[in-house]
Amino acid sequence: MGIVSRGFHGRARPAQEKLPPGQYLTEDFPVLSAGPTPRIVRDNWTFTITTETGTAHRWTWQELLAMPAEQPTVDLHCVTKWSKLHTGWTGVPLDAFLADVETAADYVMVDSHGGYTTNLPLEDVTGGKAWVAYAFGGEPLEPEHGGPARLLVPHLYFWKSAKWVSGLELRDEDEPGFWEGYGYKNYGDPWREQRYAGD
């Protein structure tokens with residue numbers, strides 16, 4: 001018979017138990033891209049939100065840096081099955097950009113330099129769920145990881161966190177983005193293993 005001393009609450013759970021199904025833990029930060037890495041000069045960078053009526057709201061790099069930033073620590077889950085835990089970022093919540101934008105849209109199409117797109121429900125990039133991130137681990141975001149700035153939507157598979165983000169198009173209707181058009185699930189919830197159509 002085993003003896004359990006007072007104050008013993010069981011063994012620490014391994015980190016893998018915090019992973020969504022089918023994922024493995026990595027300490028690296030794998031680089032996966034749909035095309036070549038764009039090299040964007042920060043002084044030329046802009047972020048544009050275009051409403052469903054065509055009204056455009058635009059921010060420069062200096063305006064981005066002047067906005068109140070947050071430092072979220074989040075777990076990342078890639079559709080290719082790697083997960084990286086407790087990653088530290090610096091960025092501006094999308095709520096701050098959308099605060100003065102009048103819209104009745106339900107969806108966004110995320111645009112990136114290089115032509116990449118991904119679609120999301122508007123509710124998945126508001127309410128403290130998404131950031132325009134420009135630093136990782138306290139350092140400026142490297143181009144290979146989406147610098148100078150990328151979208152960060154950590155509760156969905158990482159393909160939704162578009163690298164080299166250049167703007168959002170607010171839309172009344174949902175429309176597939178780049179990988180969604182090639183058979184990825186439309187939403188991409190890692191806890192429900194929403195990887196590929198037909199799974």
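Residues numbered from 1 in each chain as written. Predicted model: local features only at pLDDT ≥ 70, side-chain atom pairs only at ≥ 80, totals over all residues. Heavy atoms only, no water.

A.B. asks: Quick question: what am I supposed to make of the overall build of the protein chain here?
C.D. replies: Per the secondary structure count, the protein chain includes three helices and 11 strands. Counting helices and strands in the order they occur from the N terminus, the protein chain gives β-β-β-α-β-β-α-β-β-β-β-β-β-α. Every one of the 199 residues in the protein chain was classed for burial, and the buried ones make up 45%. Considering only residue pairs separated by 6 or more positions, the protein chain has 67% of its internal contacts joining residues 24 or more positions apart. Within the structure as shown, the protein chain displays about 10600 Å² of accessible surface, and the carbon and sulfur contribution to it stands at 50%. On the protein chain, the mean spot of the 17 positive side-chain charges and the mean spot of the 27 negative ones are 11 Å from each other. (Helix = DSSP H or I, 4+ residues; strand = E, 2+ residues; numbered from the N terminus. Buried < 20%, exposed > 50% of the residue type's maximum accessible area, 1.4 Å probe, protein only. Contact = heavy atoms within 4.5 Å. Areas by Shrake-Rupley, 256 points an atom, 1.4 Å probe, with all protein chains shown as cover. Lys, Arg positive; Asp, Glu negative; His and termini not counted. Charge placed at Lys NZ, Arg CZ, Asp CG, Glu CD.)

A.B. asks: So what exactly am I meant to see when it comes to the nonpolar core here?
C.D. replies: Among soluble globular proteins, nonpolar side chains are generally buried collectively. Of all hydrophobic cores here, the largest spans 48 residues; its most connected members are Phe47, Ile49, Trp89, Leu94, Phe97 and Val132. Top contributing element to this core by residue count: strand 8 (residues 131–136), with five residues. (Core = buried A, V, L, I, M, F, W, Y, C linked by side-chain atoms within 4.5 Å.)

A.B. asks: What is the right way to look at the pattern of salt bridges in this model?
C.D. replies: When the charged atoms of two side chains lie near each other, side chains of opposite charge can form a pair. The tally for this structure, following the rule as stated, stands at six salt bridges. Salt-bridge contacts for Glu175 lead to Arg171; the nearest nitrogen and oxygen are separated by 2.7 Å. The partner of Glu193 in a salt bridge is Arg195, with the nearest N and O atoms 3.5 Å apart. Taking the relative accessible area as the measure of exposure, Arg195 reaches 4% and is therefore buried. (Salt bridge = Lys/Arg side-chain N within 4 Å of Asp/Glu carboxyl O.)

A.B. asks: Even after reading the chapter, I still don't get the pairing of strand 2 (residues 46–50), so can you show me in this structure?
C.D. replies: Where a strand is regular, its side chains alternate between the two sheet faces. Taken together, the five bridges between strand 2 and strand 3 (residues 56–60) define a ladder with antiparallel strand orientation. Bridge pairing links Thr48 to Arg58 in strand 3. Where strand 2 meets strand 11 (residues 165–171), three bridges bridge the pair, whose relative direction is parallel. Bridge assignment links Thr48 to a residue of strand 11, and that residue is Gly167. (Pairing = 2+ DSSP bridges.)

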